[in-house]
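Listed below are the residues making up each chain.
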Amino acid sequence: MTVERIGDRRQDGMSETGMSDTGMSRDAPSGRAAPIDASPTRMSSPRKLHVKSYGCQMNVYDSHRMADLLATEGFVETGSPEEADLIILNTCHIREKAAEKVYSELGRMRKLCQAAARDGRRVTVAVAGCVAQAEGEEIIRRAPVVDLVVGPQSYHRLPALLARATRDGRAVDTEFPAEDKFDFLAPPSREAIRGRGVASFITVQEGCDKFCTFCVVPYTRGAEVSRPVDRILGEVERLAASGVREVTLIGQNVNAYHGQGPDGTMWTLGRLLRRSAEIPGIARLRYTTSHPRDIDASLVAAHRDVAALMPLLHLPVQSGSDRILAAMNRRHTAADYLAAVGRMRAARPDLALSSDFIVGFPGETEEDFRETLRIVDEVGFCSAFSFKYSPRPGTPAAIRADQVPEIVKTERLRRLQAAIEHHQKAFNAGCLGATFDVLLEKPGRHPGQLVGRSPYLQPVQVMAPPSLIGEVVAVTVTRVGPNSLHGTRAASADHARSAEPVSTAAGA
Ligand code: 5AD
Ligand code: SF4
């Protein structure tokens, strides 16, 4: 599987170019050679699957689950789209730039299918994810190379959809089915888990009921749904048994989690984290993405009591202006946000905060924007993702008349990113000389080196033998580089101070 991250903490929104041209018209030749073969038994060699994932961690998780399901249908994953029989683009619709990337990629897919057709091969192209949900049939009209469109709630139907695409030439499923897809998705094999590394994601909650006026998530992912506790714990146990040491519980609004417990009561995220920490082999827990309104006493207490819960909280604030927060329908003020941060920091004094920001929301004045800069300085975020407001079809803010000119958005984004970078650098500089626990994940840049993650998700380069992959070791930071920390192994960790999350589940 390949992953294309949408959203860069420094650059996203800086280079939006509007509609990209896929080079396809309704009548464009699609490069087809033969009908799709969805039969698992016909091929002598296994059919190959390439999944390209865009956007948030939930898409990465979904891509894994689709690959696990298709493995039971005889598909073997390949990192190379050129040799694939089935290509799935698992798409992101959160901002315009993200959606347009998909159409550019489909332009490349058309050429790839034509090249395969010249060799007598038939490649099936599927579009999954939030663009699939939002645009449905329209994708096939705009990009006839696409055979199959499947929304995020219907992945479990992929084998049937492939068969339907074979029969009818096309298949589209953007329903919100009554059944829960997780009840039908195959668990990953031990080999698949091992191949994905020692840190893993698990979706525990999906969808959102908050309806922020800029956001497509409630429309593309649907209403908030929490998975039952025993399914999640079973999945954590399976991952841990195959060597996973760190689990991140993900959801668009993860701290609104309210899953059915084995005792019949509703469990909160705090309770779920507490129980997950007891699973043998699990050394670290994280969760993302949270909404400030849904921080309850059990989550605060989990940060106080659960040592495995890492001291980094991704808590989007979006704006520092109460006027804009109200217009965004965030249902909290800047003071509410600061109070939530205060409660969390009181419970876990070494907690670092990261966040998401939007600049140039309709009606945002210079004074509103300065309030955003003020909250950046007040909290001192260790890192943050920042975006220019991007009108999304079907959302209330998109039809407001008082859209902010592009040039103003660009200038505000630059100023905001400079402020964020200032705090990030200070935070990272504060790491020098500190000793903290690092989960070693894979070979590093140079021979003999491994790279791992600090409690704050910073990559840490350290000399260590490959046998230590999957171990948590104490590392003293000897150098702070622009993109990673460098250190040497130490006897034991003291405290941890520093941060930079690598990506965020879209939402909250
Ligand atoms: N325009 C710009 N940024 C957006 N985000 C969500 N919707 C939009 C939009 N329409 C950002 C928010 C959210 C993150 C995942 O993406 O900051 O927290
Ligand atoms: Fe829900 Fe987050 Fe989107 Fe708001 S920004 S609607 S909380 S997913």
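Each remark here, short or long, concerns the structure printed above.
Here the structure is a predicted model, which is why all the values come from computation and not from measurement.

A. Broad picture of the pairing of strand 4 (residues 86-91). Where burial is concerned, most of strand 4 is hidden: six out of the six residues are buried. Because side chains alternate across strand 4, one face comprises the buried residues Leu86, Ile88 and Asn90, and the other comprises Ile87, Leu89 and Thr91, equally buried. In this sheet, strand 4 lies alongside strand 2 (residues 47-54) in parallel orientation, the contact comprising five bridges. Bridging from a neighbouring strand, Leu49 pairs with Leu86 of strand 4. Of the strand pairs in this sheet, strand 4 and strand 5 (residues 124-128) are connected by five bridges, and their pairing is parallel. What sits directly across from Asn90, in strand 5, is Ala128. Taken together, strand 4, helix 2 (residues 96-118) and strand 5 form a β-α-β motif whose crossover is right-handed.

B. Structural view of the packing of aromatic side chains. For the structure shown, the criterion picks out six aromatic pairs. Their ring planes at 75° and their centres at 5.6 Å tell us that Phe211 and Tyr219 sit as a pair that is edge-to-face. With a relative accessible area of 38%, Tyr219 lands in the partly exposed category. Each ring, one from Phe357 and one from Phe381, has its centre 5.5 Å from the other, and the planes form 85°; the classification is edge-to-face. A residue pair is termed long-range when its members are at least 10 positions apart, and Phe357 in strand 16 (residues 352-359) and Phe381 in the loop between helix 13 (366-379) and strand 17 (383-388) qualify at 24 residues.

C. Focus on the sheet that holds strand 14 (residues 284-288). An order of 8-11-14 is seen for the three strands of this open sheet, with the pairing classed as parallel. Strands at the two margins of the open sheet, each flanked by one partner only, are strand 8 (199-203) and strand 14. Adjacent strand axes in the sheet meet at a mean angle of 25°, parallel and antiparallel pairs treated alike. Sheet analysis places strand 11 (residues 246-250) next to strand 14, joined by five bridges and oriented parallel. Each residue of the ladder has a partner; that of Ile250, found in strand 14, is Thr288.

D. Local environment of the sheet that holds strand 19 (residues 449-453). Spatially, 18-19-20-22-21 is the arrangement adopted by the five strands of the closed barrel, whose pairing is mixed. If you compare each strand with its neighbour and ignore which way they point, the axes differ by 55° on average. Relative to strand 20 (residues 459-463), strand 19 runs antiparallel, the two sharing five bridges. Residue Gly452 lies in a different strand from strand 20, and its bridge partner there is Val460.

E. Highlighting the site of ligand 2. Inspection of the region around ligand 2 gives Cys208, Lys210, Phe211, Cys212, Phe214, Cys215, Val217, Pro218, His291, Arg330, Gly507 and Ala508 as its neighbouring residues. Grouping the amino acids of the shell around ligand 2 by side-chain chemistry returns eight nonpolar, two polar and two charged.

F. Region of interest: the nonpolar core. Counting 78 residues, the largest nonpolar core has Ile88 and Tyr287 as the members making the most contacts within it. When near neighbours in sequence (up to four residues on either side) are disregarded, Tyr287 contacts Thr248, Leu249, Val254, Leu269, Leu273, Leu299, His303, Leu309, Leu313 and Met344. Formed by 37 residues, the second largest nonpolar core is a distinct cluster that contains Ile94, Val102, Cys113 and Ile139.

G. View of unusual backbone geometry. The omega angle of the peptide bond from Thr288 to Thr289 is 5°, so this bond is cis rather than trans. Mapped onto the elements, Thr289 comes out in the loop between strand 14 and helix 10 (297-305). One non-glycine residue with positive phi stands out, namely Leu457, at about 75°. If you trace the backbone, Leu457 turns up in the loop between strand 19 and strand 20.

H. Representation of the packing of helix 10 against helix 12 (residues 334-347) within the structure. One way to put it is that helix 10 packs onto helix 12 with a least axis distance of 8 Å and a crossing angle of 30°. In terms of orientation, helix 10 and helix 12 fall into the roughly parallel class. When the axes of helix 10 and helix 12 are compared, the crossing they make is right-handed. Here Leu299, Val300, His303 and Arg304 of helix 10 lie close against helix 12, whose contacting residues are Arg343, Met344 and Ala347. Class assignment of the residues belonging to the contact of helix 10 with helix 12 gives a composition of four nonpolar, one polar and two charged.

I. Examining the pattern of salt bridges more closely. Taken as a whole and assessed by the stated rule, the structure comprises 38 salt bridges. Note that Glu246 is salt-bridged to Arg284, the shortest N-O span being 3.5 Å. Note that Glu246 is positioned in strand 11 and Arg284 in strand 14, a separation of 38 residues in sequence. An identical accessibility class is assigned to Glu246 and Arg284; each is buried. In this structure, Arg271 engages Asp263 in a salt bridge whose closest nitrogen and oxygen atoms are separated by 3.1 Å. Residue class for Arg271 comes out partly exposed when judged on its relative accessible area of 35%. Residue class for Asp263 comes out partly exposed when judged on its relative accessible area of 44%. Taken together, the salt bridges that share partners define one network made up of Asp62, Lys181, Glu206 and Arg221.

Definitions and limits used
- All chains use their own residue numbering, which begins from 1 and follows the written sequence.
- A letter from A marks each chain and a number from 1 marks each ligand, given out in the order of writing.
- For this predicted model, a pLDDT threshold of at least 70 governs which residues receive local features, and a threshold of 80 or more governs which side-chain atom pairs are given and counted, while totals over whole chains, interfaces and linings are taken from all residues.
- Only hydrogens and water are removed before side-chain values are computed, so all heavy atoms of the structure are retained for them.
- Each residue's exposure class comes from its accessible area (1.4 Å probe, protein chains only) as a fraction of the maximum for that residue type: buried when under 20%, exposed when over 50%, partly exposed otherwise.
- Put simply, DSSP H or I for four residues or longer makes a helix, DSSP E for two residues or longer makes a strand, and each gets a number counted from the N terminus.
- Strands are treated as partners if at least two bridges between them are detected by DSSP.
- A clockwise path from the first strand over the helix to the second, with the strands pointing away from the viewer, defines a right-handed crossover.
- Centres within 6.5 Å make a pair out of two Phe, Tyr or Trp rings, where for Trp the six-membered ring is used; the pair is then stacked when the planes are under 30 degrees apart, edge-to-face when over 60, and tilted otherwise.
- Note on geometry: axes are lines fitted to C-alpha atoms, helical ones only across the stretch in contact, with angles between N-to-C directions running from 0 to 180 degrees.
- Summary of the distance rule: residues count as near a molecule or strand when at least one heavy atom falls within 4 Å of that molecule or strand.
- In this classification, Asp, Glu, Lys and Arg are treated as charged, Ala, Val, Leu, Ile, Met, Phe, Trp, Tyr, Cys and Pro as nonpolar, and every other residue, Gly included, as polar.
- Definition used in this section: a nonpolar core is a set of buried Ala, Val, Leu, Ile, Met, Phe, Trp, Tyr and Cys residues joined via side-chain atoms within 4.5 Å.
- Any pair of residues with heavy atoms lying within 4.5 Å of one another is described as a contacting pair.
- Note on terminology: angles under 35 degrees are roughly parallel, angles over 145 are roughly antiparallel, angles of 65 to 115 are roughly perpendicular, and the others are oblique.
- Left-handed describes a crossing whose near helix is turned anticlockwise from the far helix through less than a right angle; right-handed describes the clockwise counterpart.
- We define a salt bridge as a side-chain nitrogen of Lys or Arg found within 4 Å of a carboxyl oxygen belonging to Asp or Glu.

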